[in-house]
Amino acid sequence: MSLDVVDLRNFYSNRLGSVARHFIGRGIRRRWADTKGQCLLGLGYASPYLGPFREEAQRCLAFMPAAQGVVKWPTSHRTLSALVEPLDLPLEDASVDRVLLIHALEMSQDAAAALREVWRVLAAGGQLLAVIPNRRGVWARMDNNPFGHGRPYSRSQITSLLRETWFTPIDWSEALYVPPIERGWFLRSAVAWERVGAFLPGPFAGVHIVEATKQVYRALPARPKRQLVPELRPVLTPSPGGAGV
């Protein structure tokens, strides 16, 4: 079941949400340092992370699932957000260069179908960056944050899902080693938690950040076409008491 867009907005307006946005955003920006001249799509609830790309990319869109709801983004400029059906995106084939998925796959009723639709709209050689809750992390075990809702994934599960949907994982990282404890004094130590967690082995991070590329040698999946019903015309039939009687 999807979270309501109001709950997501409220999370990112509090201290814990600000911490999450900082560390996840840093991981996203590290991989996508330059998006000039490209078309970028955020799917799920990606607007807190799209700010650095809005002025840089040629086009930047925020699509939010119908089950979740939509908020205006950006708040003080022309709207770039839209309410969509994730399995039928209102975009042409191969029309975007990069897709950022966050608060998306774990909420989807059919994650494989959603990824195949992302594959369809990505251009040849396009890049997917997905932020997914870690099944073994602390954030997935607490419901005071959006990553504690829906279905979390292990690294092997993500790899299988991406390969099944015609993507090749090329890079991995993690974020949110700090536990989701909403206390000011604790959150002030978040930087230390992230530094230590990045060097210690163990699957304790809150989220996976995985980058994948589109497998261009796959045939474009056929989309169902509407069946046209032939026009019905009246036909004269002989009456029971015809001329032969």
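Remember, predicted model here, so these are calculated numbers, not experimental data.

**Q** How do you make sense of the sheet that holds strand 3 (residues 81-84) when you look at a structure like this?
**A** The strands that make up a sheet pair up through hydrogen bonds in the backbone, lying either parallel or antiparallel. Reading across from one edge, 3-2-1-4-5-7-6 is the order of the seven strands in this open sheet, with mixed pairing throughout. Edge positions in the sheet fall to strand 3 and strand 6 (167-175), since each of these pairs with one other strand and no more. Between one strand axis and the next, the sheet turns by 20 degrees as a mean value, whatever way the strands run. As defined by bridge partners, strand 4 (residues 96-102) adjoins strand 5 (residues 122-133) across six bridges and the pair is classed as parallel. By the bridge assignment, V96 is partnered in strand 5 with L122. Along the sheet, helix 2 (residues 15-31) contacts strand 4, strand 5, strand 6 and strand 7 (207-214); its crossing angle with strand 6, the most-contacted strand, is approximately 140 degrees.

**Q** I tried to follow the packing of helix 2 against helix 7 (residues 190-199) on my own but got confused; where do I start?
**A** What describes two packed helices is the angle between their axes and the distance between those same axes. Packing of helix 2 against helix 7 brings their axes to within 11 Å, and their N-to-C directions diverge by 35 degrees. Every pair of crossing elements has a handedness; the one defined by helix 2 and helix 7 is right-handed. Contact residues: helix 2 offers V19, F23 and R26, while helix 7 offers A190, V191 and E194. Taken together, the residues of the contact of helix 2 with helix 7 break down into four nonpolar, no polar and two charged.

**Q** Would you mind showing me how to read unusual backbone geometry here?
**A** Most peptide bonds take the trans configuration, and most residues that are not glycine carry a negative phi. Cis geometry is adopted by the peptide bond preceding P74, which originates at W73 and carries an omega value of -10 degrees. Turning to its location among the elements, P74 is positioned in the loop between strand 2 (59-65) and strand 3. Although it is not a glycine, A94 adopts a positive phi angle of roughly 55 degrees. Of note, A94 is situated in the loop between strand 3 and strand 4. Residue classification places A94 among the partly exposed positions, given a relative accessible area of 42%. The phi torsion at L176 lies on the positive side, around 70 degrees, for a residue other than glycine.

**Q** Would you take a moment to explain the packing of aromatic side chains for this structure?
**A** Aromatic ring pairs are defined here through the distance separating the ring centres and the angle between the ring planes. Applying the stated rule across the entire model yields eight aromatic pairs. Ring centres 5.7 Å apart and planes at 90 degrees place the aromatic pair Y12 and Y49 in the edge-to-face group. With Y12 in helix 1 (residues 5-12) and Y49 in helix 3 (residues 47-54), this residue pair connects regions lying 37 residues apart in the sequence. Judged by relative accessible area, which is 5%, Y12 ranks as buried. Overall, Y49 belongs to the buried group, its relative accessible area being 3%. What links up through ring pairs into an aromatic cluster is the set F11, Y12, Y45 and Y49. Directly above the ring of W166 sits R116, whose terminal nitrogen or CZ lies 5.3 Å from the centroid.

**Q** Quick question: what am I supposed to make of the nonpolar core here?
**A** Side chains of nonpolar character tend, in soluble globular proteins, to be buried together. I24, L50, F147 and L176 are the most contacted members of the largest nonpolar core, which totals 39 residues. Sorting the residues of this core by element identifies helix 1, helix 2, helix 3, strand 2, strand 4, strand 5, helix 6 (184-187) and strand 7 as the ones contributing at least two each. In terms of residues, this core owes the most to one element, helix 2, which gives six residues. Sequence-distant contacts of L50, defined by excluding residues within four places in its chain, comprise L40, G42, C60, L61, A62, W73 and L100. Among the nonpolar cores identified, the runner-up in size contains 32 residues, and L41, L122, I158 and L161 belong to it.

What counts as what
- Residues numbered from 1 in each chain as written.
- Predicted model: local features only at pLDDT ≥ 70, side-chain atom pairs only at ≥ 80, totals over all residues.
- Heavy atoms only, no water.
- Pairing = 2+ DSSP bridges.
- Helix = DSSP H or I, 4+ residues; strand = E, 2+ residues; numbered from the N terminus.
- Axes fitted to C-alpha atoms, helices over the stretch in contact; angles between N-to-C directions.
- Contact = heavy atoms within 4.5 Å.
- Left-handed = near helix turned anticlockwise from the far one by under 90°.
- Nonpolar A, V, L, I, M, F, W, Y, C, P; charged D, E, K, R; others polar.
- Buried < 20%, exposed > 50% of the residue type's maximum accessible area, 1.4 Å probe, protein only.
- Phe/Tyr/Trp six-rings, centres within 6.5 Å; stacked < 30°, edge-to-face > 60°.
- Lys NZ or Arg CZ within 6 Å of the ring centre and 35° of its normal.
- Core = buried A, V, L, I, M, F, W, Y, C linked by side-chain atoms within 4.5 Å.

Keep in mind these numbers describe shape, not what the thing actually does.
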